[in-house]
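Each chain, written out:
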Amino acid sequence: MALLQRPFFVLLLVLTHQFMQYWIAFGSVNEEGQKQEEEFNEELLLKPLPDRKVLAHFHFQSSAPPSTSNGRHHHIFPKAISQLVQKFRVKEMELSFTQGRWNYESWGGFDPIPSSNAKPPGVELWAVFDVPQHQIDASWQNLTHTLSGLFCASINFLESTTTYSAPEWSFPPASGNLRYGTLPREAVCTENLTPWLKLLPCRDKAGIAVLLDRPSIYRGFYHSQRLHLTSTGSGSEGMVSGIILEQTLTVVLQPNSQRAGMAYASERHIQPSWSLTSIFGKQVSGTCVLAKSSNVYLLLDRGLVAELEHLHKENEKSAENGFTSQNFWTKPSFELSADPDRIFIEENSLHSKGSSVLYKFQVEKYSESEPFDLSLTWKIPVVWLSQQAPLHASRFLMGSGNERGAIAISLKSTQLSEGFMGANADDERCDLQVNVFQVVPWYVKVYFHSLQVFVNQQPKAISDIIEKIHVSPSKDKVSPGVMEMVLKLPCKVNSAALTIEFDKGFLHIDEYPPDANQGFDIPSAIISFPNFHASMIFLKDDSVNKSPLLSKFQEKSPVMSYTEALLVPLTTPDFSMPYNVITITCTVFALYFGSLLNVLRRRVAEEERFLKEKAAKKTGRLSLLLSKLSAKLRGRQWEPPSSPPASSSFINAKLVFKVILVAGLAVGWQYFFS
Amino acid sequence: MAEISEAHDSDSSKSTDNASEAPTQPESEPEFNPKLMRKTKPGLKRLFLTFSVLFSFLLGLQFLWKSVEIYRSPLPFREIDSLSTQLGSDHLIFPLHFHALFVGFDSDPDRLRLSILSEITKLTSQNPKCSHNYTLSVTVDSGSHCLHSPTTSPHSCSYQCGSITAIDFDQNDDVAIDERLVPVFGGKTNEYSVVVVKGESERAVVGKNRRAWVVVGSGREVEIAVVKVAEVLVKVFVNGGREEGSIRNEFMPVGADGRIVLSFNLLNADPRDWVYDWDFRKIDNNLLAPMIEALGPVANISVESQVLYHTPKASFSYWDQQLQSYVFSTKDLPFFVNSNEWHLDTSIAAGGRSKILQFVVYVPSAKECPLLLQLPNGEISNTNGFISPMWGGVIVWNPQGCLKDDNKPTARRTIPMQDLENMFEVFTGQFRQLFGFKSVNIYAGASGVWNLLPSERGFTEWELDVLSRQHTCFNLHSCASTLGSLSRLVQSLPRMIIMDEIGKQVKFSLEAAKLAQSNASNGVYESSAASSRQARSLAEDAFFHPSIMSVSYYSFEHCFAVYSL
């Protein structure tokens, strides 16, 4: 380790004319770049769920404006992500790690949160590339390897062409350059979270991310960590496009009930009171100083608000007090430990059910001496239901045995949504459009002709229901089967079902995973409703536009839901098979040579004659004993032998010689091959 | 072959079986009844049968052999061996041309030449790997006429007699003298020249190009001049002015693919106290770009930067009342870099085998500011930084006055440009040290002190020559040893699949190595460095080809089971 004695370097003072020009050119770019700087925002949304649980949705957004030095010089934006975007020319990408399954029935399926943050279990990755068609696959394969290294996960298994597919139009951001792949069995844990946190400027050292206490969040019922990046168009010639990186973490947690002693029946109706400390075991002691905004939101969804309004009305009826929403929200039926900085009420034009309410808390106001610990205490029991997607989708397997089976997707109307669907139900030609996107691995050989459609339990002609279908059949060991469909169902449909039959294929011995007997996963199907948009529009305000989370809520994205991942048991071979093969080969060789030599060497007729001859003669004592012994060993009736005694010693010598010969051969064999 | 041995086994086991039933053996029985014995010898039929069985077996054996056959691309083993023996036995010889010019002297040039040569031989230490083949020419310019030695040297003809005089060296501006010397010896020659003049102010200077000059006082000037000339030629121009054993030549901070990524990191230990940012783009364009361009033949260098937050150091510092600052000492340095919290990620943009050098600016938090580095002798380091060979360098930068702005702690401040420039001077010095050069511009030799003129590009021309030579030598040896290992590995594993691609890479690597050798012996350093880099990177690519790793284990039993392939 050498230490520098004195500055060595003399700054070049004499700049050549050309150099001056460069200076000026870069100076002007800098001035342009100053307008937009790299930004970071952190937000947390909390939402009570109907089944006594709490949803926490962390939303971190970093953005890098278009600039000449993206991928090389960064101040807040993670360099690794920027280099990834530049190297693989990624236009849009989403990677999610999920543990557990989103419970669409009780946690809702219509809000922006389940619609874009409820993900299939394991890893899901899709990416849109900005490269010519023939380079997309190579880019995808390199991307999977890089992500695998970056996030400590086995994403590199998505490299093989059998695991990813190219949806044409049914996957929402669909375009020709999209690749989509899932790993349903990937286990998600802290080793995936730590590299994800490294992308945040403050990691989990300061700001809202402090709440991410590993034991608390991994104890939850659902855990989904997502990374979404979009590269925005480059501003001008020579500029590298900007990037918006959106990192979200959605957890569903069960708050520790503070009234544990109460009887079960009455406890059922009372929502548990909770605080940040009770669900995460930590408090927010200040913002991440690099964040432009740092907010915590509490969202009460439409169902809950409607229920509260109803309860409020009943209480106030005796007093004959006309209530305004303003009064109502300042005297709610629950208590918050901190005063909200703002209350947003959803602009409600479509839904009669009520409008959701959002409380905003600014973390900036709190400090280490006065940490932010939001708590919510219910004063009255409330029961409500979350808003559902128009149809509830589930998928299951039919049939038995290891040979064939069928996949069924069942869509059931959610009673609750009838209200808003009824609005156009009077119309004769009311249709409900449903997009289905399903990928099946090649070893599940789907017969597409066997597709059957049932509406309200009546079989229907396929052409009546399916408006558009795109099928790319699987190729053995090359590509998975992809099925994309657009269904047009009548609005008053109660239930619909799709079934399709398949044969189970055989795999090569080294294609089986280590735990082959567990079965093979069929990735979740994606059901989307393009006519329904999950968006929450709040009063137009500057503060809404500034918050990335709220502006995300305002985007019109189609309602989407994932079905369950299926587990198909396949015939598993005996994995000691190679050794059996070796044994059989060796046995066959031994039999072949043995019998061949026997046939060539022995003269059966001669021997028989000779034996008869010998039987007539007397035998010695030693050979008598020997033959007796051998007869005993063989379990045969002893016959008096007729071997001559004189030959025995000579035969023994020959035997010894042969044994030595065999031993010598064995030693030679060992020596040669070791 | 296995099948044959198997046959032996079964054969012999068969015969032992027969032996155990020995009493029933008809052969060699003395009491054998000749009446019942078949008289005729086994006929042609049996022989035919035996041979047909044997033949069919041999035929089948070929099919079996074919089915377990593997593909092996032919590798040029002989050429690999010849490359390593060539590099091993007769060294890689770089030709060097020295030129000594004595202005205002009237000695005999031949005598001067011989005495300089004897001094050079005294100073030269034999490098076991690469050596130099030097030629020396001496010119004595007595003002009116010039004398050359040897008279027919092809290298001394570029000097025009009488074009410089002792008056040129009277001025004290060394940079101007250096500029003045460029046209005198012709612009672009590869020879190293030393000018010796008589004058009042004795000094010895090495210029930015391949020139040096000595001003000697009156007295025993010729003897002193000869020693000095020999020293500057051997120690400075050939060895780069580095001490023996400072940083070994093997520690060349260049990746196996010939690339270096300079990753600059600004670490804010605690952003709650203050947040500093920098304008790195300006630095990159103004200060780093010329240096990177200069080092082009040696390595392909790219620059990245990032700012990280919440990155405390791992070692402790203590408050020094006298200095009014926090102090950490050199023995804490191994613990200064906090690998848990400093996530100086490897670069995705760089390839797998690139070398990444991390340069870190550490901004201490308010509770350890100002933070100073104490040298073992108790003094405070001027640069407040240190290097770690093959990893990079660290500089601690203390904000002005260490004042915490309590009103607006979160405001992002920018490091002043002047401080940044100072910092990057230190970084340039550290970078030079990582390459084995000195960070100070003075060379203290046995015969006196030489003043080295620094280049605005960070590396002077003769330093780049030294780097190129050293780099060529290192790369060629590394390439030869990698290819040698590959050929040994391939020959030791007869059942290893060798893809065509590996064969191609080996071939190209050998070609590049040959080109580098021929360029080196012609004295074209830059292109020899570039092609030696290519040779090494191709050799490494071949050795680390993914297909080699997958089949390096292949058990013999697999020959029996024809279930794959």
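Remember, it's a predicted structure, so these values are computed and weren't measured experimentally.

**A word on the UniProt feature "transmembrane region" (unreviewed entry) in chain A**
Residues and elements named next belong to chain A.
And step 1. This chain's UniProt record puts "transmembrane region" (unreviewed entry) on residues 579-600 and 655-673.
And step 2. Helix makes up 100% of residues 579-600 and strand 0%, with an end-to-end C-alpha separation of 32 Å.
And step 3. Annotated as 100% helix and 0% strand, the span residues 655-673 places its first and last C-alpha atoms 27 Å apart.

**Looking at the pairing of strand β14 (residues 375-378) of chain A**
Residues and elements named next belong to chain A.
And step 1. Two elements, strand β9 (residues 274-275) and β14, share 2 bridges in a ladder whose sense is antiparallel. By the bridge assignment, Ser 275 is partnered in β14 with Ser 375.
And step 2. In this structure, strand β11 (residues 334-336) lies alongside β14, joined through 3 bridges in antiparallel fashion. Across the sheet, Leu 336 pairs through a bridge with Leu 376, a residue of β14.

**A short note on the UniProt feature "transmembrane region" (unreviewed entry) in chain B**
And step 1. UniProt annotation of "transmembrane region" (unreviewed entry) refers to residues 47-65 of chain B when read in the numbering used here.
And step 2. For residues 47-65 of chain B, helix accounts for 100% and strand for 0%, while the C-alpha atoms at its two ends are 27 Å apart.

**Details of the sheet that holds strand β22 (residues 495-504) of chain A**
Residue and element names in this part refer to chain A.
And step 1. The strand order across the open sheet built from 5 strands is β15-β16-β22-β18-β19, with neighbouring strands paired in antiparallel fashion. Each edge of the open sheet is held by one strand with a lone partner, namely β15 (391-398) and β19 (458-460). Shown here is a sheet whose adjacent strand axes are inclined to one another by a mean of 30°, direction ignored.
And step 2. Alignment of strand β16 (residues 404-413) against β22, held across 9 bridges, turns out to be antiparallel. By the bridge assignment for β22, Lys 412 is matched with Ser 495.

**Some words on a nonpolar patch on the surface**
And step 1. A cluster of nonpolar residues, Leu 44, Leu 47, Phe 51, Leu 54 and Leu 58 of chain B, forms a patch on the protein surface that exposes about 530 Å² of accessible area.
And step 2. Mapped onto the secondary structure, Leu 44 of chain B falls in helix α2 (residues 44-67).

**Observations concerning the packing of helix α3 (residues 77-88) of chain B against helix α10 (residues 500-522) of chain B**
Residues and elements named next belong to chain B.
And step 1. Running from amino to carboxyl end, α3 crosses α10 at an angle of 30°, the nearest separation of the two axes being 11 Å. As summarised for this structure, α3 and α10 are arranged roughly parallel, according to the angle between their axes. Judged by the sense of rotation from one axis to the other, the crossing of α3 with α10 is left-handed. Counted together, Glu 79, Ile 80, Leu 83, Gln 86 and Leu 87 of α3 and Val 506, Leu 510, Ala 513, Lys 514 and Gln 517 of α10 form the full contact between these two elements.
And step 2. Tallied by class, residues from the contact of α3 with α10 come to 6 nonpolar, 2 polar and 2 charged.

**Overview of the sheet that holds strand β12 (residues 355-363) of chain B**
Backbone-to-backbone hydrogen bonds join strands into a sheet, with any given pair of strands oriented parallel or antiparallel.
Residues and elements named next belong to chain B.
And step 1. Taken in spatial order, the 5 strands of this open sheet run β9-β7-β12-β15-β14, and their pairing is mixed. On the outer flanks of this sheet lie β9 (300-309) and β14 (385-388), each paired with one strand and no other. In this sheet, adjacent strand axes meet at a mean angle of 15° when their direction is disregarded.
And step 2. Here β12 runs beside strand β15 (residues 392-396); their pairing, made up of 5 bridges, is parallel. Paired with Val 360 across the bridge in β15 is Val 394.
And step 3. This element, helix α8 (residues 417-434), spans β7 (259-268), β9, β12, β14 and β15 of the sheet and lies at about 145° to β12.

**Overview of the domain arrangement of chain B**
Residue and element names in this part refer to chain B.
And step 1. Splitting chain B by domain gives domain 1 (91-246 + 441-454), domain 2 (259-435) and domain 3 (466-564).
And step 2. With 16 residues of domain 1 at the contact, the number on the domain 3 side is 14 residues.
And step 3. Summed over both sides, the interface between domain 1 and domain 3 buries roughly 1,100 Å², with carbon and sulfur atoms accounting for 63% of that surface.
And step 4. Between domain 1 and domain 3 we count 0 salt bridges in total.
And step 5. Between the two partners, domain 1 and domain 3, sit 4 residue pairs in polar contact (both at pLDDT 80 or more).

**A short note on the domain arrangement of chain A**
Residues and elements named next belong to chain A.
And step 1. When cut into domains, chain A gives domain 1 (57-254), domain 2 (257-388), domain 3 (391-534 + 555-568) and domain 4 (577-608 + 642-674).
And step 2. Contacts between the two partners involve 21 residues from domain 1 and, on the opposite side, 21 residues from domain 2.
And step 3. Taken together, both faces of the contact between domain 1 and domain 2 bury some 1,700 Å²; the carbon and sulfur share is 66%.
And step 4. Counting across the domain 1 and domain 2 interface gives 0 salt bridges.
And step 5. For the pair domain 1 and domain 2, the interface holds 6 residue pairs in polar contact (both at pLDDT 80 or more).
And step 6. Only α3 (104-107) and α7 (214-218) provide two or more residues apiece to the side of domain 1 that touches domain 2.
And step 7. Looking at the side of domain 1 that touches domain 2, the element that brings in the most residues is α3, giving 4 residues.

**Brief notes about the packing of aromatic side chains**
Geometrically, a pair of aromatic rings is defined through the distance of the ring centres and the angle of the planes.
And step 1. What the rule picks out here adds up to 50 aromatic pairs over all chains.
And step 2. Taking the centre distance of 6.3 Å and the plane angle of 15° together, the rings of Phe 58 of chain A and Phe 60 of chain A count as stacked.
And step 3. Its relative accessible area of 0% is what places Phe 60 of chain A among the buried residues.
And step 4. On the numbers, 6.1 Å between centres and 85° between planes, the contact of Phe 336 of chain B with Trp 342 of chain B is edge-to-face. The residues Phe 336 of chain B and Trp 342 of chain B share a single accessibility class, namely buried.
And step 5. Counting every residue linked through ring pairs, the aromatic cluster contains Phe 264, Trp 278, Phe 280, Phe 359, Phe 424, Phe 427, Phe 431, Phe 435, Phe 437 and Phe 459 of chain B.
And step 6. The ring of Phe 221 of chain A carries Lys 53 of chain A above its face, with NZ or CZ at 4.3 Å from the centroid.
And step 7. Just above the ring of Phe 459 of chain B sits the side chain of Arg 432 of chain B; from NZ or CZ to the centre is 5.7 Å.

Basis of the calculations
- Residues numbered from 1 in each chain as written.
- Chains lettered and ligands numbered in written order.
- Predicted model: local features only at pLDDT ≥ 70, side-chain atom pairs only at ≥ 80, totals over all residues.
- Heavy atoms only, no water.
- UniProt positions renumbered as here; feature names shortened; annotations may be inferred.
- Helix = DSSP H or I, 4+ residues; strand = E, 2+ residues; numbered from the N terminus.
- Pairing = 2+ DSSP bridges.
- Axes fitted to C-alpha atoms, helices over the stretch in contact; angles between N-to-C directions.
- Patch = residues over 30% accessible without salt bridge, like charges linked within 9 Å, V, L, I, M, F, W, Y side chains within 5 Å.
- Areas by Shrake-Rupley, 256 points an atom, 1.4 Å probe, with all protein chains shown as cover.
- Salt bridge = Lys/Arg side-chain N within 4 Å of Asp/Glu carboxyl O.
- Parallel < 35°, antiparallel > 145°, perpendicular 65-115°, else oblique.
- Left-handed = near helix turned anticlockwise from the far one by under 90°.
- Contact = heavy atoms within 4.5 Å.
- Nonpolar A, V, L, I, M, F, W, Y, C, P; charged D, E, K, R; others polar.
- Domains from an automatic or database assignment.
- Buried area = accessible area lost by both parts, 1.4 Å probe.
- Polar contact = N/O pair within 3.5 Å; in protein donor to acceptor, adjacent residues only side chain to side chain.
- Phe/Tyr/Trp six-rings, centres within 6.5 Å; stacked < 30°, edge-to-face > 60°.
- Buried < 20%, exposed > 50% of the residue type's maximum accessible area, 1.4 Å probe, protein only.
- Lys NZ or Arg CZ within 6 Å of the ring centre and 35° of its normal.

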